[in-house]
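Spelled out from the first residue to the last, the chains are:
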Amino acid sequence: MNTTLPDTGLNEFSIRGFGMEFIKRAQGRTVTGDSNIRETVEAMLSRIRTEGESAVTDFALSLDGWNKPFILSKEKKAKNILKYSGLIFVLGIVLWTYTANVTGGMLTNRYTNKNAAGITKKDMSTGRVTLFKNELGEFYNHPFFGIGVGGSKYSRMENLGITAASHNEISRLLSEHGMIGLVMLFLLIIIPIRNALSQSYLAKAFLSAFLLFWFLTINHSAMRIAFPGFIYGLSVSIILMNEKNTLHRE
């Protein structure tokens, strides 16, 4: 007998509307079989009810050659999060211990508010908090257009007698550009996030790391070095995962 499999009519938009990612979809087609099709399907469904995801994986591989991952259950997601978080924690301790040993304890001093001689410093931020407060104060006094490009340097000279450069890109944007700087900061954060959301999970991990590294760096070194700008450029890139072997041999 001939049986026509119905087209579900679900397109990519409707599936994404339920918070699911469109992976693949069967097209309507005609299947020729015998009278035991119903029994075969019922046996498959029974096995799926009994064995769960493992049965689905076996059927997908044997019938369609599909060997990519399926949607994970909440339990497996929790286990994966716990597993990888523990792995990161252990590797972090090992890396910290090794680096502190190589630097002769200098790294530990740096993050425990001590100088090279091991003496505790008076200001843990080495003056960065003072600069940050001054720039936020200028934003409060000039909220719409700020004090102008480069104005923070002269503001510190007049108010604090300090000639140091800005160490925080966020407060500098606000003080020198006002509300325009706030919009700029909003766009700098939102655009990479939107770019990452449309890509694969592995790409999301890389792009999120780039964005986080950039954000943390501009909060203590601003944009006075080229590296944060380079890392930010990577956070708005498109990463393509090509699983096919492109090497051709004769």
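These figures come from a predicted structure and were not determined experimentally.

*Asks:* Looking at this model, I keep getting lost on the nonpolar core. Mind explaining?
*Replies:* Among soluble globular proteins, nonpolar side chains are generally buried collectively. Within the largest apolar cluster, 10 residues are counted, these being Phe-139, Ile-170, Leu-173, Leu-174, Leu-185, Leu-211, Trp-214, Ile-218, Ile-231 and Tyr-232. Elements represented by at least two residues in this core include exactly helix 8 (169–177), helix 10 (201–218) and helix 11 (226–235). The residues touching Leu-173, leaving out its near neighbours within four places in the chain, are Gly-178, Gly-181, Met-184, Leu-185 and Leu-188.

*Asks:* Whenever I open this one, the packing of aromatic side chains confuses me. Can you help?
*Replies:* Given two aromatic rings, one states the distance between the centres and the angle between the planes to describe the pair. Inspection of every chain in the model, using the stated rule, returns 3 aromatic pairs. Between Phe-213 and Phe-227 the ring centres are 5.6 Å apart and the planes differ by 90°, which places this aromatic pair in the edge-to-face class. Residue Phe-213 is found in helix 10, and its partner Phe-227 is found in helix 11; the two are separated by 14 residues along the sequence. Overall, Phe-227 belongs to the partly exposed group, its relative accessible area being 42%. With a centroid separation of 6.4 Å and 55° between ring planes, the pair formed by Trp-214 and Phe-215 is classed as tilted. Here the aromatic cluster, defined as three or more aromatic residues joined through ring pairs, consists of Trp-214, Phe-215 and Tyr-232. Across the ring face of Phe-59, the terminal group of Arg-47 is positioned such that the distance to the ring centre comes to 5.0 Å. One Lys or Arg, Lys-204, reaches over the ring of Tyr-201 and ends 5.1 Å from the middle of that ring.

*Asks:* Where do I start with the side chain of Arg-172 in this structure?
*Replies:* With respect to the helices, strands and loops of the structure, Arg-172 is situated in helix 8. Reaching out from Arg-172, the side chain makes a polar contact with the side chain of Glu-169 at a distance of 2.6 Å. Ignoring any residue separated from it by four or fewer positions in sequence, one finds Arg-172 in contact with Glu-135, Ser-152, Ser-166 and His-177.

*Asks:* Would you mind showing me how to read the pattern of salt bridges here?
*Replies:* Pairs can form between side chains of opposite charge whenever their charged atoms are close. In total, this model carries 5 salt bridges according to the counting rule given. With its nearest N and O atoms 3.1 Å apart, the salt bridge here joins Arg-47 to Glu-51. One end of the pair, Arg-47, and the other, Glu-51, are both in helix 2 (residues 37–51), 4 residues apart, so they sit about a helical turn from each other. Residue classification places Glu-51 among the partly exposed positions, given a relative accessible area of 40%. When salt bridges with common partners are traced through the structure, they connect Arg-47, Glu-51 and Asp-58 into a single cluster.

Conventions and cut-offs
- Residues numbered from 1 in each chain as written.
- Predicted model: local features only at pLDDT ≥ 70, side-chain atom pairs only at ≥ 80, totals over all residues.
- Heavy atoms only, no water.
- Core = buried A, V, L, I, M, F, W, Y, C linked by side-chain atoms within 4.5 Å.
- Buried < 20%, exposed > 50% of the residue type's maximum accessible area, 1.4 Å probe, protein only.
- Helix = DSSP H or I, 4+ residues; strand = E, 2+ residues; numbered from the N terminus.
- Contact = heavy atoms within 4.5 Å.
- Phe/Tyr/Trp six-rings, centres within 6.5 Å; stacked < 30°, edge-to-face > 60°.
- Lys NZ or Arg CZ within 6 Å of the ring centre and 35° of its normal.
- Polar contact = N/O pair within 3.5 Å; in protein donor to acceptor, adjacent residues only side chain to side chain.
- Salt bridge = Lys/Arg side-chain N within 4 Å of Asp/Glu carboxyl O.

As far as function goes, none of this settles anything; it's purely spatial.
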